[in-house]
Amino acid sequence: MPGSIARLESLAPLKEKEFKRYIIFRYVYIMALRMVATVVGYQLFQLTESSFAIGIAGLSEFVPVFSLALYAGHVIDRSDRRTILLKGVIAYSFCVLGLLIITSPAVEKNLSKKSLEYLFYSIIFFTGLIRAFTGPATNAIISQLVPRKILHYAANISSSTWLAASISGHASAGFFIAWFGVNTTFYIILAYVIIAAV
């Protein structure tokens, strides 16, 4: 009996309407982020046949996140976190739109492989700029959504949601590439990002 009460307590944050909406947003948004990572890695390898290119893509995203870490924390502490998240998701949707455009057959056949490669790096750099702000804001907003006494449960649920979304994002991206191709997969990802913004 005490075990079942503890389990019910650990789900208490889901009774909060705002937190429930946040968890749905977090799942869909993280899933889209992970799908982008998988699809970009796959497409870069198809273009370059180089594992090094995938490392450069990772570095393109890491550099802005690392460089802006302190500044982003300062901005997040002084700003409305919901506004930062909404602006970040909208900006991210433009990045996905850019990826969708450069993987369209019409654009792919008119650009050299080197040009496409550099466009991928540029767009991934911008996703890193966005993630420098949305990543910390996503974690910091939890304290505004639930009472303090159940905050630790909310953090657990949020972490579990992140993990589930990461796994399903990478896996579903692979399946979507196999079934529909890269360009159509970016359409699906764009739909996920728009759903997250709503």
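Bear in mind that the values here come from a model prediction, so they are computed numbers and not experimental data. (Residues numbered from 1 in each chain as written. Predicted model: local features only at pLDDT ≥ 70, side-chain atom pairs only at ≥ 80, totals over all residues. Heavy atoms only, no water.)

(A) Region of interest: the environment of S93. For S93, the position within the fold is in helix α5 (residues 81-102). In sequence terms S93 and V193 are 100 residues apart; their C-alpha atoms lie 6.0 Å from each other. (Helix = DSSP H or I, 4+ residues; strand = E, 2+ residues; numbered from the N terminus.)

(B) Quick look at a nonpolar patch on the surface. Taken together, the side chains of L59, F62, V63, F66, F125 and F126 define a hydrophobic patch exposed on the protein surface, amounting to about 600 Å² of accessible area. If you tally residues by element for the nonpolar patch, the top one is helix α3 (residues 51-67), at four residues. Along the polypeptide, V63 turns up in helix α3. Among the residues examined, V63 registers a relative accessible area of 37% and is labelled partly exposed. (Patch = residues over 30% accessible without salt bridge, like charges linked within 9 Å, V, L, I, M, F, W, Y side chains within 5 Å. Areas by Shrake-Rupley, 256 points an atom, 1.4 Å probe, with all protein chains shown as cover. Salt bridge = Lys/Arg side-chain N within 4 Å of Asp/Glu carboxyl O. Buried < 20%, exposed > 50% of the residue type's maximum accessible area, 1.4 Å probe, protein only.)

(C) Fine view of the environment of S112. Structurally, S112 is set in the loop between α6 (105-110) and α7 (113-140). The exposure class assigned to S112 is partly exposed, which follows from its relative accessible area of 38%. For the pair formed by S112 and L47, sequence separation is 65 residues and the distance between their alpha carbons is 9.8 Å. A distance of 2.9 Å separates polar atoms of two side chains, one belonging to S112 and the other to S115. (Polar contact = N/O pair within 3.5 Å; in protein donor to acceptor, adjacent residues only side chain to side chain.)

(D) Examining the pattern of salt bridges more closely. Throughout the structure, instances matching the rule amount to four salt bridges. For the salt bridge of R81 with D77, the shortest nitrogen-to-oxygen distance reads 3.8 Å.

(E) Examining the nonpolar core more closely. Counting 56 residues, the largest nonpolar core has F19, F186 and I189 as its most contacted members. Counting residues per element, the ones that place at least two in this core are α2 (17-48), α3, α4 (69-78), α5, α7, α8 (142-145), α9 (151-180) and α10 (182-197). The element that contributes the greatest number of residues to this core is α2, accounting for 16 residues. The residues contacting I189, other than those within four sequence positions of it, are A32, M35, V36, V39 and V96. (Core = buried A, V, L, I, M, F, W, Y, C linked by side-chain atoms within 4.5 Å. Contact = heavy atoms within 4.5 Å.)

(F) Spatial organisation of the environment of S115. Examined against the element boundaries, S115 turns out to sit in helix α7. We classify S115 as partly exposed; its relative accessible area is 31%. When the C-alpha atoms of S115 and A91 are compared, they prove to be 23 Å apart, with 24 residues separating the residues in sequence.

Without other data, these values stay purely geometric and don't point to any function.
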